[in-house]
Amino acid sequence: MKYSVSITYKDLFDDYSTVDVNALLADIPTKNSVQLIGYFLAQIHLEKLDEKLQVELIEFWSQRLPADLKSRIQEFTIQTVKDKKTEFTFISNLSGLIFMETILENYNELEPLDDLTPEQELNFFKAYLISTQTWIDKQGKILFDIKPFENDMDFVKTFLPSHIAIDEFHTVKDFRTQFIKAKHFFQFCETDEEFKVYLDIFLKEYGLDSWATYLKNILSLYIRKFERLKTPSVIIIESEHQEQINFLAQLSIEIEGFSKSDDFLQLREKPIYRLNETDFVFLNLNFFVDKIYQGIQFDFARVLVDNSATFKGKKIKTRVQFLSIFGDEFSETGLFYNIMQECFEKSKYNIFNGNQIKEIITDGEPDYYIRDKAKIYLFEFKNVFLGGKIKHALDYEKIKGGIYEKLVENKSGSPKGIKQLTAVIEKIREKEFNKFDDYNFDETIIYPVIVFTDYSFNTAGVNYMLNEEFREFLESQSVELRTKIKNLIIIDLDDFIKYQDLFRDKKIKLNNLFNGYLEFIKGYRKLPNKFTPYQIYIENRTNKIKSNLSRNTIDEIATLLGIPK
């Protein structure tokens, strides 16, 4: 375990209590500011945690800063790099996004300059460091005592509030998994009467002739040569390519009415800044990748609400209402079922999806059921999102409450996730599952699994916390089985998508992975292992196994873009 150390305003200057970030940015053209921070964010897109790159970036930025300041920067950097328990960070997605919002809130119409003056460069540097100081100070509100805690939950209570809102920004969004999910969704839209109408409304909003064109536009704009210190953030579209210009214009941030939000909602919705008729800046490449699939849910919601669309004859009035429809109609049956089938269709497992089981036992079914001899894998799928206010609360009890509402029990008392799995185990005890799978369940070992779609649940400690709740709930309900019930595992759906060819080709197996993970998080050798998310474990477990996912996905994308293989 290493700690990331960011250089902040207070590390270099002593006037933080009086400095005015608005005054610092006042005479710097917004178009210059957006391009500058956009450039630095583009450089770390694929190499966020590369300490050498971070050092190169601060050296590059400080070239024209005053000599005494440059000396202090070098001293701080050298000391941090020398400490092998820490990793030096200068540019982070989080600081950059906070800064981007500050720039947009202080928008001006000044004509862009070919070069900033040394004074402007100093002010711009100070303004950026204020953004870093902002989130560092927020984290500082949580007392992090590196001494041994009294119990394991003390670690979770400290770690979750300080990381659940920011861990997303330390990862690279995988365009391959986004593409695969988008393909499933758009193909579903073509076969469903209601969603076919929604797709037409969506495409009309963007001025597109097909969903293939939507994906083609995003992928052709995103896929480029990422070069160290040379990755462009500005994209220039030739004037004759009006369709792409119109598409980027639809994704361009609207300055009027712009305001900051904890979860960067407006930047997520519109991750592009328009410089002029043909030139555009990527505000954040991760958010642009999200537009392939993750953002579709929210874009569809906005467009359908604006166009007074209906579902089963009733008007769709809110985003939340559509997201519920999206989850019920597509996420589970149209996506989760298909992904699981692609993973395990060549196996000899006994497999039933939730719809198949419901036809037989009418209620209390899992979302997915796999039996491999005496091993039963029960899956509950949750296409739910933890709200920005919860993630940024910096309060363990509020964060815990938000997670529990999504994965344990909602406000109305309806069971979710954990409690649904417990009810399924009761059904097994009552011999209900013998109606579709004739087996002696007294001899089985049960693996309870929650499959989720919100990256927040990958934060270290979430699995540990939910398993504690799961074990307590089993005990409180007197769930007695002669079968063994393993500890809870929560898994990102993307981890089934990412490794689907390895499952299909039997290069990895559920039993080996799950047993290995459960053994690993016992933490016999290292305490932090107890809190490790499954995502990290499977990545380390498979990093030397050859996968065809990239090749297959790139071939599909090449076909879509009309590029010869």
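One can find the structure itself at the top, above this paragraph.
I will try to describe carefully the structure that is included in this document. (Residues numbered from 1 in each chain as written. Predicted model: local features only at pLDDT ≥ 70, side-chain atom pairs only at ≥ 80, totals over all residues. Heavy atoms only, no water.)

A look at the overall build of the protein chain
At step 1: Looking only at helices and strands, the protein chain has 26 helices and 13 strands in total.
At step 2: On C-alpha atoms alone, the protein chain measures out to a radius of gyration of 25 Å, which is about the 24 Å that the 2.2 N^0.38 rule sets for 565 residues.
At step 3: For the protein chain, the C-alpha atoms occupy an extent of roughly 80 × 60 × 45 Å along the three principal directions.
At step 4: Residues counted as buried form 54% of the 565 residues belonging to the protein chain.
At step 5: Look at the contacts in the protein chain between residues 6 or more apart in sequence, and 75% of them connect residues 24 or more apart. (Helix = DSSP H or I, 4+ residues; strand = E, 2+ residues; numbered from the N terminus. Rg over C-alpha atoms; globule rule 2.2 N^0.38 Å. Buried < 20%, exposed > 50% of the residue type's maximum accessible area, 1.4 Å probe, protein only. Contact = heavy atoms within 4.5 Å.)

Concerning the sheet that holds strand β4 (residues 272-274)
Strand pairing in a sheet takes place through backbone hydrogen bonds and is either antiparallel or parallel in direction.
At step 1: In spatial order, the strands read β3-β5-β4; together these three strands make up an open sheet with antiparallel pairing. Every interior strand has two partners, whereas the edge strands, β3 (234-236) and β4, have only one. Looking at each pair of strands side by side, their axes are set apart by 30 degrees on average, direction ignored.
At step 2: Judged from the three bridges that link them, β3 and strand β5 (residues 279-282) form a sheet pairing that is antiparallel. The residue bridging Val234 from the neighbouring strand is Val281, located in β5. (Pairing = 2+ DSSP bridges. Axes fitted to C-alpha atoms, helices over the stretch in contact; angles between N-to-C directions.)

Here's the deal with the pattern of salt bridges
At step 1: Throughout the structure, instances matching the rule amount to 25 salt bridges.
At step 2: For Lys530, the salt bridge goes to Asp152, with nearest N and O atoms at 2.7 Å. With a gap of 378 residues between them, Lys530 in the loop between α24 (510-520) and α25 (534-542) and Asp152 in helix α8 (residues 152-163) connect regions that are remote in the sequence.
At step 3: One salt bridge connects Asp174 with Arg176, and the closest N-O pair in it is separated by 2.6 Å. Both residues of the pair, Asp174 and Arg176, belong to the buried class.
At step 4: What emerges from the salt-bridge pattern is a single network uniting Glu168, Lys173, Asp263, Arg268, Asp290 and Lys391. (Salt bridge = Lys/Arg side-chain N within 4 Å of Asp/Glu carboxyl O.)

With respect to the environment of Ile37
At step 1: Position of Ile37 relative to the elements: it lies in helix α3 (residues 30-43).
At step 2: Linking Ile37 and Ser324, residues 287 residues apart in sequence, is a C-alpha distance of 36 Å.
At step 3: The residues contacting Ile37, other than those within four sequence positions of it, are Gly96, Phe99, Met100, Ile103, Phe124 and Tyr128.

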